[in-house]
Amino acid sequence: MLILITGGSGSGKSAFAESVVTGLGGRKRLYIATMYPFDEECRQRIARHREMRKDKGFDTLERYTDLAGADVSGYETVLLECMSNLTANELYQPGGAGDRCVEAVLEGVRSVYAQCRHLVIVTNEIFSDGMDYDPETRRYQRYLGEINRRIAGLSDAAAEVVYSVPLMLKGDLKGALGE
């Protein structure tokens, strides 16, 4: 099952994604972490996420670019967090895909999903604040929007988390949530 979970910053999407993963069952869980630790704020966010999942049976793979090169064989369920970081890394990091980031990210998603039973992807909703951004930020938004749109099209289920409340946009997660 391919599941896409979106929401704004601080919406509760990470906690919801982890509850979906644990609800899917299986004992072999992998968390693919994509946040590159640029500064102290990033390191604190990474530490908070590690604390959130420490007793949930996840192994962790830090993968900032080249998702297609990740070996996740042997894992039943993979949680990829987060698509917005992966997109930025592919676009801006040395060795990233640059302008090929949409294709590289989608190729990586297909590769990871082919190796596991369940793939849960977390992404950010960064499109509705009404701000007018500089051309480079708009390019990033355009790429992330295309990636999110295409993953949503491939997904079995998609949810937006608002104030820790999941709103189903596509499919059904009842089996994954113990309902």
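These figures come from a predicted structure and were not determined experimentally. (Residues numbered from 1 in each chain as written. Predicted model: local features only at pLDDT ≥ 70, side-chain atom pairs only at ≥ 80, totals over all residues. Heavy atoms only, no water.)

Turning to the overall build of the protein, a few remarks are in order. When helices and strands are tallied, the protein shows five helices and seven strands. Listing each helix as α and each strand as β along the protein from the N terminus yields β-α-β-α-β-β-α-α-β-α-β-β. Here the protein has a C-alpha radius of gyration of 15 Å; the compact-globule value for 179 residues is 16 Å, and the two agree. With respect to the three principal axes, the spread of C-alpha positions in the protein is 45 × 35 × 35 Å. (Helix = DSSP H or I, 4+ residues; strand = E, 2+ residues; numbered from the N terminus. Rg over C-alpha atoms; globule rule 2.2 N^0.38 Å.)

By size, the foremost hydrophobic cluster in this structure holds 28 residues, and its most contacted members are Val78, Met83, Leu119 and Ile121. Elements with a contribution of two residues or more to this core: β1 (2–7), β2 (29–33), β4 (77–81), α3 (83–92), α4 (101–115), β5 (118–124) and α5 (135–154). Sorting elements by how many residues they give to this core places α4 first, with six residues. In this view, Leu119 contacts Met1, Leu2, Ile3, Val78, Leu80, Val109, Val112 and Tyr113; residues no more than four positions away in its chain are not counted. Membership of the second largest hydrophobic core comes to 17 residues, among which are Tyr31, Phe58, Val120 and Val122. (Core = buried A, V, L, I, M, F, W, Y, C linked by side-chain atoms within 4.5 Å. Buried < 20%, exposed > 50% of the residue type's maximum accessible area, 1.4 Å probe, protein only. Contact = heavy atoms within 4.5 Å.)

With that out of the way, let us pick up helix α2 (residues 40–53). In an α-helix, one turn spans 3.6 residues, which is why side chains three or four residues apart end up on the same side. Across its 14 residues, α2 extends 20 Å between first and last C-alpha, which sits within 8% of the 20 Å expected from 1.5 Å per residue. Buried residues of α2: Cys42, Ile46, His49 and Arg53, and no others. All buried residues of α2 fall inside an arc of 65° around its axis, so they share one side. Check the buried side of α2 and you find it contacts α1 (13–23), β2, β3 (58–62) and β4. (Expected span 1.5 Å × (residues − 1). Arc of directions from axis to C-beta.)

Turning to the confidence of the model for the protein, a few remarks are in order. Summary statistics for the protein give a mean pLDDT of 91 and a share of 96% for residues scoring 70 or more. For the protein, per-element mean pLDDT is lowest for α2, which scores 80, and highest for α4, which scores 98. (pLDDT = per-residue confidence, 0-100.)

Here the focus is unusual backbone geometry. Note that the residue after Glu81, namely Cys82, is joined by a cis bond; omega there is 10°. Tracing the sequence through the fold places Cys82 in the loop between β4 and α3. Of note in the backbone geometry, Asp66 takes a positive phi value of approximately 55° without being a glycine. Inspection of the secondary structure puts Asp66 in the loop between β3 and β4. Overall, the relative accessible area of 43% leaves Asp66 in the partly exposed class. Phi at Tyr163 takes a positive value of approximately 55°, unusual for a residue other than glycine.

It is the rolling of a water-molecule-sized probe over the atoms that shows where space remains empty. Here the largest pocket is characterised by a volume of approximately 820 Å³. Lining the largest pocket are 38 residues, with Met35, Arg45, His49, Asn85 and Asn124 positioned closest to its centre. The set of elements that each furnish at least two residues to the lining of the largest pocket consists of α1, β2, α2 and α3. Here the element with the most residues in the lining of the largest pocket is α2; it accounts for nine residues. Of the residues that constitute the lining of the largest pocket, the class distribution is 15 nonpolar, 13 polar and ten charged. (1 Å grid on protein atoms, 1.4 Å probe; cavity = no way out; pocket = protein on both sides within 12 Å on 5 of 7 lines; lining within 4 Å. Points joined across faces, edges and corners; volume = space filled by probe spheres on them. Nonpolar A, V, L, I, M, F, W, Y, C, P; charged D, E, K, R; others polar.)

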